[in-house]
Amino acid sequence: MKEKICELEKMRGLKISPENVIIGNGSKSLLFGLMALKGKGGVVSPLPAYPPMLLQPGLNGFRSETFSTLDTEGVITDDQLKTADVENGMMIFSSPANPSGKVVSREEQERLLKWADKRNNLLVADEVYCDFVFDEGFSSLGAVRQDLENIAIVRSFSKTLGICGWRMGYVI
């Protein structure tokens, strides 16, 4: 199955190998697993965000920070990142965002990578809705950082294939 996922991701422009793929019981459980590994340093989430991602850090006793992107039309700015005081932790963002549908631009992803690298934070892209972008606006975080260093990309079959009860996802 990992080899088939690699073939699928190659069609999306990502060059990955099976050892870079973890298959799990839906994207949410995979996100929670990543949080358990790296969330002790704190978890940053731009708003609006998928509600379970905002609740889970507190349930695990981890510090959680948020900042709103509503006044910047969904764009994550340098000023917002300066307020995110997390080191050795992680940031989770969705692109396309749930619930707004906002696609994080390549420029924003590069800005997020610089922020994460400077603070030794894992940058996690929740890209479960990537197949619902029908114009040229979507760029995977894996296309921005092809060596996958210090990033994780979460995908789900249940959204794309309309099989939400099957709970099947993977992390790159």
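In this text, all values refer to a predicted model and were calculated from it rather than measured experimentally. (Residues numbered from 1 in each chain as written. Predicted model: local features only at pLDDT ≥ 70, side-chain atom pairs only at ≥ 80, totals over all residues. Heavy atoms only, no water.)

### Digging into the confidence of the model for the chain
Thought 1: Mean pLDDT for the chain: 90, with 100% of residues reaching 70 or above.
Thought 2: The element-level mean pLDDT for the chain is lowest in helix α7 (residues 157–160), coming to 82, with strand β5 (residues 122–126) highest at 96. (pLDDT = per-residue confidence, 0-100. Helix = DSSP H or I, 4+ residues; strand = E, 2+ residues; numbered from the N terminus.)

### Structural notes on the nonpolar core
Thought 1: Among the nonpolar cores identified, the biggest contains 28 residues, and M91, L112, L123 and L141 are the most heavily contacted of them.
Thought 2: Listed by contribution, the elements that provide at least two residues to this core are α1 (2–11), β4 (90–94), α5 (106–118), β5, α6 (141–144) and β6 (151–156).
Thought 3: In terms of residues, this core owes the most to one element, α5, which gives four residues.
Thought 4: What L141 contacts, discounting residues up to four positions off in sequence, is F93, Q109, L113, L123, A125, E127, I151 and I153.
Thought 5: Counting 15 residues, the second largest nonpolar core, distinct from the first, contains L30, L122, A152 and V171. (Core = buried A, V, L, I, M, F, W, Y, C linked by side-chain atoms within 4.5 Å. Buried < 20%, exposed > 50% of the residue type's maximum accessible area, 1.4 Å probe, protein only. Contact = heavy atoms within 4.5 Å.)

### Structural notes on the pairing of β6
The two faces of the sheet receive side chains in turn, since in a regular strand these alternate between them.
Thought 1: Counting buried positions over the six residues of β6 gives six, a clear majority of the element.
Thought 2: The side-chain alternation of β6 yields two buried faces, one formed by I151, I153 and R155 and the other by A152, V154 and S156.
Thought 3: Of the pairings in the sheet, the one linking β5 to β6 comprises four bridges and is parallel in character. If you follow V124 over to β6, its bridge partner there is A152. (Pairing = 2+ DSSP bridges.)

### Here's the deal with the pattern of salt bridges
Thought 1: Applying the stated criterion to the full structure yields 12 salt bridges.
Thought 2: Across the salt bridge formed by D131 and R12, the nearest N and O atoms sit 2.4 Å from each other. Of the two residues, D131 sits in the loop between β5 and α6 while R12 sits in the loop between α1 and β1 (22–24), which places them 119 residues apart along the sequence.
Thought 3: A relative accessible area of 27% places D131 in the partly exposed class.
Thought 4: Residue D117 is joined to R145 by a salt bridge in which the shortest nitrogen-to-oxygen separation is 2.5 Å. Pair noted here: D117 is in helix α5 and R145 is in the loop between α6 and β6, with a separation of 28 residues, a long-range link. (Salt bridge = Lys/Arg side-chain N within 4 Å of Asp/Glu carboxyl O.)

### Description of the pairing of β4
Thought 1: Of all five residues that make up β4, five are buried, and the element is covered over most of its length.
Thought 2: Here β4 shows no split at all, with M90, I92 and S94 on one side and M91 and F93 on the other all buried.
Thought 3: In this sheet, β4 lies alongside strand β2 (residues 43–47) in parallel orientation, the contact comprising two bridges. Looking at the pairing, V43 lines up with M90 of β4.

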